[in-house]
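Listed below are the residues making up each chain.
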Amino acid sequence: MTFEEKLEKLEQLSGDIKRSDISLEDALKDFEEGIKLAAGMEKELDEIEGKIQILMNEPHPMEKDNPPDFDLFEDDSVVNGTRK
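Predicted, not measured: the structure shown is a model, and the values here were computed from it.

This part is about the pattern of salt bridges. Summed over all chains, the structure comprises five salt bridges. The residue Lys6 makes a salt bridge to Glu44 at a minimum N-O spacing of 2.6 Å. Separated by 38 residues along the polypeptide, Lys6 in helix 1 (residues 3-17) and Glu44 in helix 2 (residues 24-56) bring together distant segments of the chain. A relative accessible area of 24% means that Glu44 is categorised as partly exposed.

Put into structure tokens, the structure is as follows:
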């Protein structure tokens, strides 16, 4: 699931919780799922921020003799530019 899909799901859960016809049990279930989803997204954002900081702190980013190190962005879920 992409970050955007996770955000969309979180928005859906938030909307569901606000419904007047939702049971307490269902609201609690949606709330718990939303909290777990948000925590995972926060971790993803922290990792992205760390990668950006590494790139920003390179002495001469994007010069011909100093190409960016894209190995930093390797993700086990991405193979040859496509998601598994």
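Turning our attention to helix 2. Taking 1.5 Å per residue, 33 residues should reach 48 Å; helix 2 reaches 47 Å between its end C-alpha atoms and fits that length. Listing the buried residues of helix 2 in full gives Ala27, Asp30, Gly34, Leu37 and Met41. Against helix 1 lie the buried residues of helix 2.

Before going further, it helps to examine the packing of helix 1 against helix 2. Contact geometry of helix 1 with helix 2 gives a least axis separation of 9 Å together with a crossing angle of 150 degrees. As the angle between them shows, helix 1 and helix 2 are arranged roughly antiparallel. Judged by the sense of rotation from one axis to the other, the crossing of helix 1 with helix 2 is left-handed. Mapping the contact onto sequence places Phe3, Lys6, Leu7, Lys9, Leu10, Leu13, Asp16 and Ile17 in helix 1 and Ala27, Asp30, Phe31, Glu33, Gly34, Leu37, Ala38, Met41, Glu44 and Leu45 in helix 2.

Calculation criteria
- Residues numbered from 1 in each chain as written.
- Predicted model: local features only at pLDDT ≥ 70, side-chain atom pairs only at ≥ 80, totals over all residues.
- Heavy atoms only, no water.
- Salt bridge = Lys/Arg side-chain N within 4 Å of Asp/Glu carboxyl O.
- Helix = DSSP H or I, 4+ residues; strand = E, 2+ residues; numbered from the N terminus.
- Buried < 20%, exposed > 50% of the residue type's maximum accessible area, 1.4 Å probe, protein only.
- Expected span 1.5 Å × (residues − 1).
- Contact = heavy atoms within 4.5 Å.
- Axes fitted to C-alpha atoms, helices over the stretch in contact; angles between N-to-C directions.
- Parallel < 35°, antiparallel > 145°, perpendicular 65-115°, else oblique.
- Left-handed = near helix turned anticlockwise from the far one by under 90°.

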